[in-house]
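Letter by letter, the chains look like this.
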Amino acid sequence: MEETQQNDQKMEFRALCEEFRANNQIPPEKFDLYQVKRGLRNPDGTGVMAGLTLICNVHGYLIDDAERIPDKGILTYRGINVEDIVEGCRRENRFGFEEVAWLLLFGKQPTRSQLEGFSKLLNSCRELPEYFAEDMIIKAPSRNIMNKLGRSVLALYSYDDNPDDPSLENNMRQAIQLIARLPTIMTYAYQVKRRHFDRQSMFFHPLDPNHSTAEAILNAIRPDRVFTDEEAKLLDLCMILHAEHGGGNNSTFTTRVLSSTGTDIYSAISAAIGSLKGPRHGGANHRVMMMMDDLMGHVKNWESDDEVGSYLEKIVRKEAGDRSGLIYGMGHAVYTLSDPRAVILKENARKMAEEHGMLRKFELFERVEKLSPDVFAKVKNDRKVISANVDFYSGLVYEMLGIPSDLYTPMFAVSRIAGWCAHRIEEMETCGRIMRPAYRSLTHEKQYIPIDERE
Ligand SMILES: CC(C)(COP(=O)(O)OP(=O)(O)OC[C@H]1O[C@@H](n2cnc3c(N)ncnc32)[C@H](O)[C@@H]1OP(=O)(O)O)[C@@H](O)C(=O)NCCC(=O)NCCS
């Protein structure tokens, strides 16, 4: 397109936005007036109750006399504290993601033989359908791996002989195949992105049938295929912590909303991936690292509370960073005093930072974590208690594991798919009603105006 034509189009788009702004203002006070649960939150900030689940519980506060009292965060998968799952796997020196996927899907911890059978099944499902990589990934690369994951999951519909059957048997087959294949899609998409957009060489390593999911990922993204058991177990730990977070988190709720219509699993999971990509959700782990790079570039003395604090104030005032006003990696819809996932990731980040000579950077993260609640309270004049969430330290851990930043949010997706699938199946098996909330219309009746009489 010629430059003048491009400029004309830009002007036209700008004018159309003005047209939109002139006719589409909703005064914020109307939300209170009509008692709209904006963001599906109650007036006290708690989430609107939208369903029942056996899969997970996220505890972040106590309710006393209808008031929200901040409390230490607790996360349980099928009633079991995630801290105990992590500790159990560490003590028994085992990988845990496969076991967590089983627990989430079926509701009970697997026996040793059930786990061995399930791990084998996952491994036998990792390969993509014939020509899928060539036709769907290599021929259509994307700069953004989350975008590629979503498109690829949707495309898998065409490679499934029975995509629309809503029976438990069919959903379970599809779910297990998706949990196994998403890491393969992620690593292929990353290789193709490297070649197409970064002009670097691509490498496709054969899958090893004895690898856990974490090992399969490291095997695929390390050029020399070399990694230590400690590194693979740490990546596995990250996957355990990201695998599930209740029915109300945006991507899982998205899965449940789509599943409530009876649509196919590929539509539901690709929509969940789109949701997770958002910077207020899973995309925050990438934004944290961008925010910290920006902060490191602007703050001279990383050891100074004053300097770091005043830069954080600028971020919240939308004068620095990406101008969203958000300190990424801080705050949560449910957690208040702490997010147990962040606590575990932080311990591991500190240990790795000591080993990698990155303590100074780790301590800067710690300083941002320490100062953010006060900065938030001061600038926003908000009494809400905030703390570091799962995304605050995960990028730092991935960086020290040599995981490229393109894969920070996709790593969240290949873990959370276990929870999405469990919730899809629960929605279809136990709920059976289409989700359909209401929107109050603020328009008044108007007369239709014939086209020649309009101004
Ligand atoms: C996670 C998050 C969406 C949860 O939000 P929430 O507790 O439900 O709070 P809301 O989104 O309703 O926000 C309430 C107010 O606090 C602000 N806020 C919340 N977290 C904030 C943060 N980390 N930095 C700055 N402001 C924040 C919001 O912008 C909003 O301000 P407004 O009323 O002027 O619009 C929010 O804390 C956030 O955006 N955090 C940063 C992104 C992030 O780390 N996401 C990963 C979540 S695991």
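Everything quoted here is computed from the prediction, not taken from an experiment.

Turning our attention to the site of the ligand. Taken together, 18 residues form the shell around the ligand, and within it Arg 41, Gly 329, Met 330, Lys 380 and Lys 384 come nearest. Interatomic distance of 2.8 Å between a side-chain N/O atom of Lys 380 and an oxygen atom of the ligand. At 2.8 Å, a side-chain N or O of Lys 384 approaches an oxygen atom of the ligand. When the ligand sits alone it has 840 Å² of accessible area, and the protein chains cover 74% of it.

What follows is about helix 8 (residues 168-198). The terminal C-alpha atoms of helix 8 lie 43 Å apart, and with 31 residues this matches the ideal 45 Å at 1.5 Å per residue to within 8%. Along helix 8, the largest kink reaches about 35° and is centred on Arg 181; proline Pro 183 follows within four residues of it. Counting buried positions over the 31 residues of helix 8 gives 23, a clear majority of the element. Remark: Arg 199 follows helix 8 within two positions and exhibits a positive phi of approximately 55°.

So, about the environment of Glu 429. Checked against the element boundaries, Glu 429 lands in helix 18 (residues 408-430). The class for Glu 429 is partly exposed, based on a relative accessible area of 44%.

As a further point, take the pairing of strand 1 (residues 56-64). Here eight bridges tie strand 1 to strand 2 (residues 67-77), and the two strands are oriented antiparallel to one another. Paired with Ile 63 across the bridge in strand 2 is Arg 68. The hairpin turn running from strand 1 into strand 2, its antiparallel successor, is two residues long, and Asp 65 in that turn takes a positive phi close to 50°.

If you trace the three strands from one edge of the open sheet to the other, you get 1-2-3, paired in antiparallel fashion. At either margin of the open sheet sits one strand with a lone partner, and together these are strand 1 and strand 3 (80-81). In this structure, strand 2 lies alongside strand 3, joined through two bridges in antiparallel fashion. Across the sheet, residue Tyr 77 finds its bridge partner in strand 3, namely Ile 80.

Turning our attention to the pattern of salt bridges. Under the definition given, this model contains 25 salt bridges. The salt bridge partner of Arg 287 is Asp 322, with a shortest N-O separation of 3.0 Å. Here Arg 287, found in helix 13 (residues 284-298), pairs with Asp 322, found in the loop between helix 14 (305-316) and helix 15 (340-356); they are 35 residues apart in sequence, far enough to count as distant. Looking at Arg 287, the relative accessible area reads 29%, which means it is partly exposed.

This brings us to the domain arrangement of the protein chain. For the protein chain, the assigned domains read domain 1 (72-277 + 413-430) and domain 2 (284-400). The interface of domain 1 with domain 2 comprises 15 residues on the first partner and 16 residues on the second. Taken together, the two surfaces of domain 1 and domain 2 that pack against each other cover about 1,400 Å², and 67% of this comes from carbon and sulfur. On the domain 1 side of the interface with domain 2, the three residues burying the most area are Leu 234, Leu 241 and His 242, jointly 34% of the side's total.

With that out of the way, let us pick up the packing of helix 13 against helix 16 (residues 359-380). Running from amino to carboxyl end, helix 13 crosses helix 16 at an angle of 105°, the nearest separation of the two axes being 12 Å. Taken as axis vectors, helix 13 and helix 16 run roughly perpendicular relative to one another. Contacts between helix 13 and helix 16 involve Val 288, Met 289, Met 292, Leu 295 and Met 296 from the former and Lys 361, Leu 364, Phe 365 and Val 368 from the latter. Its residues assigned to classes, the contact of helix 13 with helix 16 shows eight nonpolar, no polar and one charged.

A separate point is unusual backbone geometry. For Gln 35, which is not glycine, the phi dihedral falls at a positive 50°. With respect to the helices, strands and loops of the structure, Gln 35 is situated in the loop between helix 2 (29-33) and strand 1. For Gln 35, a relative accessible area of 66% corresponds to the exposed category. Despite not being glycine, Arg 199 has its phi angle at roughly 55°, a positive value.

Criteria and thresholds
Residues numbered from 1 in each chain as written. Predicted model: local features only at pLDDT ≥ 70, side-chain atom pairs only at ≥ 80, totals over all residues. Heavy atoms only, no water. Near = heavy atom within 4 Å. Polar contact = N/O pair within 3.5 Å; in protein donor to acceptor, adjacent residues only side chain to side chain. Areas by Shrake-Rupley, 256 points an atom, 1.4 Å probe, with all protein chains shown as cover. Helix = DSSP H or I, 4+ residues; strand = E, 2+ residues; numbered from the N terminus. Expected span 1.5 Å × (residues − 1). Bend = angle between axes of the 7 residues up to and from the residue. Buried < 20%, exposed > 50% of the residue type's maximum accessible area, 1.4 Å probe, protein only. Pairing = 2+ DSSP bridges. Salt bridge = Lys/Arg side-chain N within 4 Å of Asp/Glu carboxyl O. Domains from an automatic or database assignment. Contact = heavy atoms within 4.5 Å. Buried area = accessible area lost by both parts, 1.4 Å probe. Axes fitted to C-alpha atoms, helices over the stretch in contact; angles between N-to-C directions. Parallel < 35°, antiparallel > 145°, perpendicular 65-115°, else oblique. Nonpolar A, V, L, I, M, F, W, Y, C, P; charged D, E, K, R; others polar.

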